[in-house]
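So you can see what is in the structure, the chains are spelled out below.
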Amino acid sequence: MLEKPNILFIGAGRMAEAIFSGLNQSDAIGKITISNQSDQTKLAHLKATYKVETGEWQEVLSNHDVVILAMPPAAHPDVLQELSSKVTKHFVITVAAGIGPSILEASLPGLPTAWIMPNTAADIGESMSLFACGEYVKQEHRKVLQTILDAIGESEELSEQQIHDLTAVTGSAPAFVYHFAEALEKSAQSYGLSSEVARKLVVQMIFGSASMLKDGREAGDLRDQVTTPGGATAAGLEVLEKANFTKLLHEAVLAVNDKAAEQAK
Ligand SMILES: NC(=O)c1ccc[n+]([C@@H]2O[C@H](COP(=O)([O-])OP(=O)(O)OC[C@H]3O[C@@H](n4cnc5c(N)ncnc54)[C@H](OP(=O)(O)O)[C@@H]3O)[C@@H](O)[C@H]2O)c1
C-alpha cells in the first residue's frame, strides 16, 4: 500500500458521495476516481463539485490501490466476477448491505477485503458505521480503512455476524427515531402549534438528549434525573412501559433481522 493510496469508487451514489466528500478533507490519501453504471451527467456534476476524477473503472483500476464498491448488493455478483480477473494488489471494500468479507473473499481469494455498514447520517459526517475485516487485511490496510471510516463519522469493528445482527440498531433504528420524532411532532401540534414550531421543539429536544448521552452519561441515570417518582414524567413513562416499550423495540430489532435474513437467501 502506498503512503497516500489512490481510491477508486465503483458506484457514485449517495453513499459514495458522503465518503469522498469527507475524504476530500483528508491529506492521507492520493487521488480519488469515481465511476458508475451509466449516469454520465451525475459523474460530470460530481467532478465539478469535488476533487475527484472520473473514468470507466475497468480502464483506471490498475492506477488505484483501494476499490470501494458503493453500489447496490444486487450489482455485486457481476462486478465481483469482472473484478476477480483484474484485481491484483488491491484492497477491496464494500459498503453494501449484506455483503460481508466472506462473500468478497469467495470471489477475490487471497485479497484484503473489508465491509463497512454506514448509516444515512454519513451524509453529514455523523454515521455510526460498523465494519469487519477479511483474513488478509494488514496494518497498512487498516490505516486507510480508518481514514475512510473517519470521513463519515464514528466506527466500531465487529465480527461479520455481529454486523448482520447489529445493522438493525445502527442502520435501521434511525427510522425508529424519525418515527418517534414524527409522533411527538403530531402530539405537539394537537396543542395548536404550527408544524414548524412543533418540529423545532422536538428536534432540539432530541438533539439535546442525544448530546447528553454522547457526553458519556448513562441513559438510565439521565432518565431518572427527569423522573420524580410518582410525578408527571413517571406517569408518561408508565404508559410507555404498560405498552411494553422496551420489549417492543427489541421485537422491532428482531423483525429487521428476520427480514434481512430472508432477503439474503
Ligand atoms: N445510502 C445509505 O444511507 C446507505 C447506508 C448503508 C449502506 N448502504 C448501501 O450502499 C449501497 C449504495 O447506496 P447509495 O445510497 O449510494 O445508492 P445510490 O444512490 O442508488 O447509488 C448507487 C450507485 O451504484 C451505481 N451502480 C449500480 N449498479 C452498478 C454496476 N453494475 N456497476 C457500477 N455501478 C453501479 C449507480 O450508477 P448509476 O447511477 O449510473 O446507475 C449509482 O452510482 C446500498 O445499496 C446499500 O446497500 C447505503
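See the structure shown above.
Here, residues in each chain are numbered from 1, in the same order as that chain's written sequence. With the structure being a predicted model, the display of local features is reserved for residues of pLDDT at least 70 and the display and counting of side-chain atom pairs for 80 or more, all residues being used for whole-chain, interface and lining totals. As a rule here, side-chain values come from all non-hydrogen atoms in the structure, and water together with hydrogens is ignored.

Peer 1: Now, about the sheet that holds strand 2 (residues 32–35): what can you tell me, with residues and values included?
Peer 2: DSSP-based pairing: two strands are paired if at least 2 bridges between them are found. The way it works is that DSSP assigns letters per residue, a run of H or I at least four long becomes a helix, a run of E at least two long becomes a strand, and they are numbered from the N terminus. Taken together, the eight strands give an open sheet; going across it, the order is 3-2-1-4-5-6-7-8, and neighbouring strands pair in mixed fashion. Every other strand in the sheet has two partners, leaving strand 3 (53–54) and strand 8 (153–157) as the edge strands with one partner each. Relative to strand 2, strand 1 (residues 7–10) runs parallel, the two being bridged by four bridges. Bridge pairing in strand 2 places Leu-8 opposite Thr-33. By definition, residues are in contact when any of their heavy atoms lie within 4.5 Å. For every element, the axis is a line fit to its C-alpha atoms; helices are fit only across the contacting stretch, and the angle between N-to-C directions ranges from 0 to 180 degrees. Strands in contact with helix 6 (residues 139–150) are strand 1, strand 4 (66–69), strand 5 (91–94), strand 6 (113–117), strand 7 (127–133) and strand 8; relative to strand 7, the strand with the most contacts, it is inclined by about 160°.

Peer 1: Which residues make up the site of the ligand, and what values do they have?
Peer 2: Whether a residue is near a molecule or strand is decided by its heavy atoms; if any one of them lies within 4 Å of it, the residue is near. Near the ligand you find 22 residues, and of these Ala-12, Met-15, Ser-38, Asp-39 and Ala-97 are the closest. Any N or O atom pair separated by 3.5 Å or less is treated as a polar contact, with the protein-specific requirement of one donor-capable and one acceptor-capable atom, and with residues adjacent in sequence counted only for side-chain atom pairs. Interatomic distance of 2.8 Å between a backbone N/O atom of Ala-12 and an oxygen atom of the ligand. Contact distances for the ligand include 3.4 Å between an oxygen atom and a side-chain N or O atom of Asn-36. Burial of the ligand by the surrounding chains reaches 74%, relative to a free accessible area of 910 Å². Accessible surface area values rest on a Shrake-Rupley calculation with a 1.4 Å probe, where residue burial reflects the displayed protein chains alone.

Peer 1: Run through the nonpolar core, naming residues and quoting values.
Peer 2: Note on terminology: a nonpolar core comprises buried Ala, Val, Leu, Ile, Met, Phe, Trp, Tyr and Cys residues joined through side-chain atoms within 4.5 Å. Type-normalised accessible area, obtained with a 1.4 Å probe on protein chains alone, sets the label of each residue: buried when under 20%, exposed when over 50%, and partly exposed for intermediate values. Within the largest apolar cluster, 32 residues are counted, with the highest numbers of intra-cluster contacts made by Ile-7, Phe-9, Leu-23, Ile-34, Ile-93, Leu-145 and Ile-148. Per-element tally for this core: the top contributor is helix 1 (residues 14–23), with five residues. Sequence-distant contacts of Phe-9, that is, excluding residues within four places in its chain, are made with Ala-16, Ile-19, Phe-20, Leu-23, Ile-32, Thr-33, Ile-34, Ser-35, Ile-68 and Ala-70. Within the second largest apolar cluster, 18 residues are counted, among which are Val-79, Leu-80, Ala-96 and Leu-104.

Peer 1: An account of the pairing of strand 6 is requested, with residue identities and associated values reported.
Peer 2: Side-chain direction in a regular strand flips from residue to residue, so the side chains alternate between the two faces of the sheet. When you tally the buried positions in strand 6, you get five out of five residues, the bulk of the element. Neither face of strand 6 is left uncovered, since the one carrying Thr-113, Trp-115 and Met-117 and the one carrying Ala-114 and Ile-116 both have all their residues buried. As defined by bridge partners, strand 5 adjoins strand 6 across three bridges and the pair is classed as parallel. Within strand 6, the residue paired with Val-92 across the bridge is Thr-113. One crossover worth recording links strand 5 to the parallel strand 6 by way of helix 5 (residues 101–107), and it is right-handed. A clockwise path from the first strand over the helix to the second, with the strands pointing away from the viewer, defines a right-handed crossover.

Peer 1: Quick one: what's the story with the pattern of salt bridges, residue by residue and with numbers?
Peer 2: In a structure, side chains of opposite charge can pair up when their charged atoms sit close to one another. Throughout this description, the term salt bridge denotes a Lys or Arg side-chain nitrogen within 4 Å of a carboxyl oxygen of Asp or Glu. Per the counting criterion, the structure on display carries ten salt bridges. A salt bridge links Arg-217 to Asp-215, with the shortest nitrogen-to-oxygen separation between them at 3.3 Å. On the basis of relative accessibility, which here comes to 55%, the residue Asp-215 falls in the exposed class. Its salt-bridge partner being Lys-242, residue Glu-238 comes within 3.7 Å of it at the nearest N-O pair. Here the residue Glu-238 and the residue Lys-242 both occupy positions in helix 10 (residues 232–242), the gap between them amounting to four residues, near one helical turn. On the accessibility criterion, Glu-238 (47% relative accessible area) is partly exposed.

Peer 1: Describe the packing of helix 7 (residues 160–189) against helix 11 (residues 245–264), naming the residues involved and giving the relevant values.
Peer 2: Their axes nearest at 9 Å, the elements helix 7 and helix 11 cross at an angle of 115°. Helix-helix and strand crossings are classified by hand; for helix 7 and helix 11 the assignment is right-handed. Contacts from His-164, Asp-165, Ala-168, Val-169, Ser-172 and Phe-176 in helix 7 reach Leu-249, Ala-252, Val-253, Val-256 and Asn-257 in helix 11. In terms of residue class, the contact of helix 7 with helix 11 is built from seven nonpolar, three polar and one charged. Left-handed is the label given to a crossing in which the near helix is rotated counterclockwise from the far helix by less than a right angle, and right-handed is the label when the rotation is clockwise. Note that Gly is not counted as nonpolar here; it falls among the polar residues with everything else outside the nonpolar set of Ala, Val, Leu, Ile, Met, Phe, Trp, Tyr, Cys and Pro and the charged set of Asp, Glu, Lys and Arg.

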